[in-house]
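Below, each chain spelled out in residue letters.
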Amino acid sequence: MKAVGIDIGTSSIKVCEVLASSKGIQILSFTEHTLGLNPAHDPELEILEVLQGLALQYDQSQTKVVMALRQDLVSVRSKVFPFSDRLKILKSLPFELEEDLPFSSETAIYEARTVRLIGNQAEVLACATPKHRISEFLGRFQNAGLNLTLLTAEGLAFANCFSNWDQPIAQAPADQVTMPDQNSEGTGPVRQLKLVIQLGHTHSLVGAFEHGNLVAMRSILWGAKNVAEAISRKYEIPYIEAMREMKNKSFILPSKEGASYDQIVFSDTIAHQFKDLGRELKLSMLEIETELSGKVQGAEITGGLSGVLHLSPFLTQMLEVPVNPAHVLGGFLTHFDKTTGVDRSISTALGLALEGLRKPRNPA
């Protein structure tokens, strides 16, 4: 079975094709189509042209096509149900989420991803988005000629690259685990969590994992655009040129000793923006730890901006946990060279393709 993940971003469209066979998961191809950054260009027209080309490229009768809603358009909450039947959970979601949603429960579409089973209970990531968001997304691409198989949440797809997406749902004895909010009074074991952070163009994703299972997802409205705009303002250069400088030369000085004045100014310009990201990440980390009664042990970063020189030690200092680059392609067989650039860029598109291969026991 083949699946194609199409990650439609604000700066590019990334397309990943995977094949599931007896040899395991093989990544057949990965392409990135850069979108014009000139404000005079019509991005919707560019996107439509790319999708029309993809519709001609793939045999859609033999290929699943998967896309995603931006994570900031999808509300995600961790919930525990006293039963594990998937249909009963789906029927209960509107009532369970009614007080948590910033929109009417009557106008929403719901979904649930089971995280683990605890005795007869189920811990799930409950998702909801207004129906008009789905309608608007489908309407944008109805003339592209693509038969969309699945529409999922961006963060849930991204998490497939770092989770046990193809394994049975994790099970644990009820007396050996801590449920969300159970540990608020200092009782019970503390959950050991790891963060994976994707630095995007206009927003970033923060996923929390426990034993290879996604347990929380957040979206932060901060991205490479913030850094490029800061460079553009500082040096009074066009935004497109600032983007080029950011991609080719970005660095943060670990020490200013021996550095030139120009290097210090450039580093400080970038570091100031990453301090804003660090504060947002710290808040998200504390929120996740409180909600799940857990403790973050470390973090990994990916995305195009994760290539900024000395970024990992900079974020390590800010978050006070070890931060290292993520290696997305390490466990996959690919039909192309595993370059650093591809490894940083492929995660969401690959995760979308993997979403199309999910088993019915915990489907997309």
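Report follows, based on the coordinates. The model shown is predicted, which means the values in this text are computed figures rather than measured ones.

Section: the side chain of glutamine 198
Then, number 1: With respect to the helices and strands, the residue glutamine 198 is situated in strand S10 (residues 191-199).
Then, number 2: Separated by 3.0 Å, the side chains of glutamine 198 and serine 347 make a polar contact.
Then, number 3: Look past the residues within four positions of glutamine 198 in its chain and what remains in contact with it is Glu154, Phe158, Ser204, Leu205, Thr302, Gly303, Ser347 and Thr348.

Quick look at the sheet that holds strand S5 (residues 75-81)
Then, number 1: As summarised here, the arrangement of the four strands in space is S5-S7-S6-S9, forming an open sheet in which the pairing is mixed. Strand pairing shows two members of the sheet lacking a second neighbour, S5 and strand S9 (170-172), which therefore form its edges. Averaged over neighbouring strand pairs, the angle between their axes works out to 35 degrees when direction is ignored.

Focus on empty space enclosed by the protein
Then, number 1: For the coordinates displayed, the defined rule picks out one cavity of 30 Å³ or more.
Then, number 2: Approximately 210 Å³ is the volume attributed to the largest cavity.
Then, number 3: Surrounding the largest cavity, 20 residues form its lining, Thr114, Asn164, Asn213, Arg358 and Asn362 being those nearest its centre.
Then, number 4: Broken down by secondary-structure element, the contributors of at least two residues to the lining of the largest cavity are strand S6 (108-118), helix H4 (154-159) and strand S12 (213-220).
Then, number 5: Broken down by element, the lining of the largest cavity gets its largest block of residues, three residues, from S6.
Then, number 6: Residue composition of the lining of the largest cavity, grouped by class: eight nonpolar, eight polar and four charged.

A few points about the packing of aromatic side chains
Then, number 1: Under the defined criterion, the tally for this structure stands at seven aromatic pairs.
Then, number 2: Each ring, one from phenylalanine 162 and one from phenylalanine 209, has its centre 6.3 Å from the other, and the planes form 65 degrees; the classification is edge-to-face. Residue phenylalanine 162 is found in the loop between H4 and S9, and its partner phenylalanine 209 is found in strand S11 (residues 204-210); the two are separated by 47 residues along the sequence.
Then, number 3: For phenylalanine 209, a relative accessible area of 3% gives the class buried.

Let's talk about the layout of surface pockets
Then, number 1: The computed volume of the second largest pocket comes to approximately 340 Å³.
Then, number 2: Grouping the amino acids of the lining of the second largest pocket by side-chain chemistry returns 13 nonpolar, two polar and three charged.

About the thresholds
Residues numbered from 1 in each chain as written. Predicted model: local features only at pLDDT ≥ 70, side-chain atom pairs only at ≥ 80, totals over all residues. Heavy atoms only, no water. Helix = DSSP H or I, 4+ residues; strand = E, 2+ residues; numbered from the N terminus. Polar contact = N/O pair within 3.5 Å; in protein donor to acceptor, adjacent residues only side chain to side chain. Contact = heavy atoms within 4.5 Å. Pairing = 2+ DSSP bridges. Axes fitted to C-alpha atoms, helices over the stretch in contact; angles between N-to-C directions. 1 Å grid on protein atoms, 1.4 Å probe; cavity = no way out; pocket = protein on both sides within 12 Å on 5 of 7 lines; lining within 4 Å. Points joined across faces, edges and corners; volume = space filled by probe spheres on them. Nonpolar A, V, L, I, M, F, W, Y, C, P; charged D, E, K, R; others polar. Phe/Tyr/Trp six-rings, centres within 6.5 Å; stacked < 30°, edge-to-face > 60°. Buried < 20%, exposed > 50% of the residue type's maximum accessible area, 1.4 Å probe, protein only.

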